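Here are the chains, one letter per residue:
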Amino acid sequence: MGGSLRVAVLGAPGVGKTAIIRQFLFGDYPERHRPTDGPRLYRPAVLLDGAVYDLSIRDGDVDGPGPGPSPGGLEEWPDPKNWSLQDTDAFVLVYDICSPDSFDYVKALRQRIAETRPAGAPEAPILVVGNKRDRQRLRFGPRRALAALVRRGWRCGYLECSAKYNWHVLRLFRELLRCALVRARPAHPALRLQGALHPARCSLM
């Protein structure tokens, strides 16, 4: 047994958080968008280089109002201890490549995560994901510029995907888990996500 990892998938409403998770776990995509009714927790197992890891994937925003399109909305956030984010091992912050407001939302999320991390706690890796790559022609900014800002300015990982067509969905979880495990165990060799195991264990809580 390899252990366990807690992952939070966060972002503005409608950016495709649930669609990304469902593609990763079940290989399906809902044609109609239905707002997620409160936070959900998925508990799959994944195989990485022969070791099985139990994941806890939190889908949904923090309890109560999230940040608005601008950082000013942070004043409305509840006590971060209530989010269960302080003990999260890795974060996926999702935005819509066609929506600059959703990118600002992710920027505010990333800032608040950094501010609320307990002193002395190991830094949790953050992967910023631009979803809806299938709508490339409608994007609000060039990919290279956004990737450079996130990687160099925010010091976070960056990747784009299409939940609709299951493009780069597996890759984003592979990169996130690799980063989280390498940070937890620096001597660990390069990790390779070989796929989700035991679909029946992916239960909704």
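Along each chain, the written sequence defines residue order, and numbers are assigned to residues from 1. Thresholds applied to this predicted model are a pLDDT of at least 70 for local features of residues and 80 or more for the giving and counting of side-chain atom pairs; totals over whole chains, interfaces and linings are not thresholded and use all residues. In computing side-chain values, all of the structure's heavy atoms are included and hydrogens and water are not.

1. Overview of the packing of aromatic side chains
Test applied: To pair, rings of Phe, Tyr and Trp, with the six-membered ring standing in for Trp, must have centres within 6.5 Å; the planes then decide the type, stacked if under 30 degrees apart, edge-to-face if over 60, and tilted in the middle. Only DSSP runs of H or I covering at least 4 residues are called helices, and only runs of E covering at least 2 are called strands; the numbering of each starts at the N terminus. Any residue under 20% of the maximum accessible area for its type is buried, any over 50% is exposed, and the rest in between are partly exposed; the area is computed with a 1.4 Å probe on protein chains only.
Per the stated rule, a full pass over the model turns up 7 aromatic pairs. Where Tyr-95 meets Tyr-158, the ring centres are 6.5 Å apart and the plane angle is 35°; that geometry is what we call tilted. Separated by 63 residues along the polypeptide, Tyr-95 in strand 5 (residues 90-96) and Tyr-158 in strand 7 (residues 157-160) bring together distant segments of the chain. As far as burial versus exposure is concerned, Tyr-95 and Tyr-158 are alike and both buried. Consider the rings of Phe-103 and Phe-140, whose centres lie 6.0 Å apart with planes at 55°: the pair is tilted. Of the two residues, Phe-103 sits in helix 2 (residues 100-116) while Phe-140 sits in the loop between strand 6 (126-131) and helix 3 (143-153), which places them 37 residues apart along the sequence. Here the aromatic cluster, defined as three or more aromatic residues joined through ring pairs, consists of Tyr-95, Phe-103, Phe-140, Trp-154 and Tyr-158.

2. Structural notes on the pairing of strand 4 (residues 51-59)
Here is the rule: Paired strands, in this sense, are two strands between which DSSP finds at least two bridges.
Bridge analysis of strand 1 (residues 3-11) against strand 4 gives 7 bridges, and the strand direction is parallel. What sits directly across from Val-7, in strand 4, is Ile-57. Bridging between strand 2 (residues 40-42) and strand 4 involves 3 bridges; their strand directions are antiparallel. In the strand pairing of strand 4, Arg-40 is matched with Asp-59. As defined by bridge partners, strand 3 (residues 45-48) adjoins strand 4 across 4 bridges and the pair is classed as antiparallel. By the bridge assignment for strand 4, Val-46 is matched with Tyr-53.

3. Topic: the confidence of the model for the protein chain
We apply this condition: pLDDT is a per-residue confidence score from the predictor, ranging from 0 to 100. Residues are treated as being in contact if the distance between any of their heavy atoms lies within 4.5 Å.
Averaged over all residues, the pLDDT of the protein chain is 79; the fraction at 70 or higher stands at 75%. Taken element by element, the protein chain is modelled with least confidence in strand 8 (residues 193-197), mean pLDDT 43, and with most confidence in strand 6, mean pLDDT 97. Across residues 63-82, confidence stays below pLDDT 50; counting only partners more than four residues off in sequence or on other chains, it has 33 contacts. A low-confidence stretch, residues 186-205 (pLDDT under 50), is modelled with 46 contacts involving residues beyond four sequence positions or located in other chains.

4. Concerning a positive patch on the surface
Put simply, the rule reads: By definition, no residue in a patch forms a salt bridge, and every one has over 30% relative accessible area; like charges are joined within 9 Å, nonpolar side chains (Val, Leu, Ile, Met, Phe, Trp, Tyr) within 5 Å. The protein chains shown are the only cover counted for residues, whose accessible areas, like all others here, come from Shrake-Rupley with a 1.4 Å probe. Salt bridges, as used here, are contacts in which a Lys or Arg side-chain nitrogen is within 4 Å of a carboxyl oxygen on Asp or Glu. Residues scored as positive are Lys and Arg, those scored as negative are Asp and Glu, and His as well as the terminal groups of each chain are ignored. Think of each charge as sitting on NZ of Lys, CZ of Arg, CG of Asp or CD of Glu.
A surface patch of like charges, here positive, comprises Arg-143, Arg-144, Arg-151 and Arg-171. Among the elements that line the positive patch, the one with the most residues is helix 3, at 3 residues. With respect to the helices, strands and loops of the structure, Arg-151 is situated in helix 3. When its relative accessible area of 46% is taken as the criterion, Arg-151 is described as partly exposed.

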